[in-house]
Amino acid sequence: MKAVLSAAVSDIRMNDPGFAGEVLTRAEAAGIDLLVLGREGALTFDALVIAAWAAPRVSALGIVACVPASLSHPFHVARALSAIDFLSAGLSGWAPVAAGAPAGMAEDMVRAAQALWDGWGADTLIIDKASGHYLDSSKVKVPNYKGPFFNVAGPVNAMRPPQGHPLLVRLPGAIPGIAKVDLDLGLSAGHIDLVDPLAELAVLAKAPPRDGTTLRSRLGLTELAA
């Protein structure tokens, strides 16, 4: 896998669509692989809301939302990230952060959300107007996840994301207990925390384009089976 170029933005001005739109434009122009919305200790906006707004506006840039374990429930997280993955055509990810949560809560949130996504297969939805069939209920699995912090019966009322699971990203120094992350940015020399996003993105040398449609394929990561 080529070195991943990622940038984290926690500027409160991301709440302004004009500013946020220019950040997206400059990040894509620079060939950034991942734009991380927020970081541990700097959650100045609702990253899931910004990610949903940004998702249909990107064509190559991966959008990674920081998700605070102390303020999030896995059912709502799974539902929101599924929608964001569809809106971005498979270019989404998430980065759990503790945000004051007790030890183990973020890890439990991740396991519960993944169990909910796995309740749906890629072929579960039929949407056949002629027959009036919407889904094949025999292919919906009820996860009945039970963990130390979250008990989630499911299934989630959202389709399985195009990537199977949105890309699971670990930020530098965050949530060391989460097993099997897809990408650990603490091991990447190409990760920067943007202080002045527009100025810094404008002067980055343009990276060569990558092949692939989803974020997983673009980064050379394993595609998840349905």
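Conventions we followed
Residues numbered from 1 in each chain as written. Predicted model: local features only at pLDDT ≥ 70, side-chain atom pairs only at ≥ 80, totals over all residues. Heavy atoms only, no water. Helix = DSSP H or I, 4+ residues; strand = E, 2+ residues; numbered from the N terminus. Buried < 20%, exposed > 50% of the residue type's maximum accessible area, 1.4 Å probe, protein only. Contact = heavy atoms within 4.5 Å. Areas by Shrake-Rupley, 256 points an atom, 1.4 Å probe, with all protein chains shown as cover. Salt bridge = Lys/Arg side-chain N within 4 Å of Asp/Glu carboxyl O. Pairing = 2+ DSSP bridges. Polar contact = N/O pair within 3.5 Å; in protein donor to acceptor, adjacent residues only side chain to side chain. 1 Å grid on protein atoms, 1.4 Å probe; cavity = no way out; pocket = protein on both sides within 12 Å on 5 of 7 lines; lining within 4 Å. Points joined across faces, edges and corners; volume = space filled by probe spheres on them. Phe/Tyr/Trp six-rings, centres within 6.5 Å; stacked < 30°, edge-to-face > 60°. Core = buried A, V, L, I, M, F, W, Y, C linked by side-chain atoms within 4.5 Å.

(A) Just the overall build of the protein chain, in detail. Of regular secondary structure, the protein chain possesses six helices and eleven strands. Among the 226 residues that make up the protein chain, the fraction classed as buried is 48%. Summarising the internal contacts of the protein chain: among those between residues at least 6 apart in sequence, 76% fall at separations of at least 24. Within the structure as shown, the protein chain displays about 10400 Å² of accessible surface, and the carbon and sulfur contribution to it stands at 58%.

(B) Focus on the pattern of salt bridges. Throughout the structure, instances matching the rule amount to seven salt bridges. The residue Arg26 makes a salt bridge to Glu22 at a minimum N-O spacing of 2.7 Å. Highlighted residues: Arg26 and Glu22, both in helix H1 (residues 17-29), separated by four residues, approximately one helical turn. Where Arg160 meets Asp118, a salt bridge forms, and the shortest distance between an N and an O atom there is 3.0 Å. Remark: Asp118 occurs in the loop between helix H4 (105-117) and strand E5 (125-128) and Arg160 occurs in the loop between strand E8 (151-152) and strand E9 (167-170); sequence separation between them is 42 residues. Classification of Asp118 as partly exposed rests on a relative accessible area of 36%.

(C) Spatial organisation of the pairing of E9. Both faces of E9 are covered, namely the face carrying Leu167 and Val169 and the face carrying Leu168 and Arg170. Direction of pairing for strand E4 (residues 92-97) relative to E9: parallel, over a ladder of two bridges. The partner of Gly93 across the bridge, within E9, is Leu167. With two bridges joining them, E9 and strand E10 (residues 183-184) adopt parallel strand pairing. Looking at E10, one finds that Arg170 is bridged to Asp184.

(D) Seen up close, the environment of Ser88. If you trace the backbone, Ser88 turns up in the loop between helix H3 (74-87) and E4. Within the local environment of Ser88, its side chain forms a polar contact with the backbone oxygen of Asp85, the two atoms lying 3.3 Å apart.

(E) Local environment of the layout of surface pockets. Here the largest pocket defines a volume of roughly 200 Å³. Lining the largest pocket are 15 residues, with Asp46, Ala47, Leu48, Pro68 and Ser72 positioned closest to its centre. Elements that contribute at least two residues to the lining of the largest pocket include exactly helix H2 (47-54), strand E3 (62-68) and H3.

(F) Here's a closer look at the packing of aromatic side chains. Taken as a whole and judged by the stated rule, the model has one aromatic pair. Ring geometry for Trp94 and Trp117: centres 5.7 Å apart, planes at 85 degrees, overall edge-to-face. Of this pair, Trp94 sits in strand E4 while Trp117 sits in helix H4, and the two are 23 residues apart along the sequence. With respect to class, Trp94 is no different from Trp117; both count as buried.

(G) Geometry of the nonpolar core. Of all hydrophobic cores here, the largest spans 70 residues; its most connected members are Met14, Leu34, Leu35, Leu37, Ile63, Trp94 and Leu171. Top element by residues in this core is H4. It accounts for eight residues. Contacts of Ile63, omitting those with residues within four sequence positions, involve Leu24, Leu35, Leu37, Ala51, Ala54, Val58, Leu91, Ser92 and Gly93.

These values are about where atoms sit, not about what they do.
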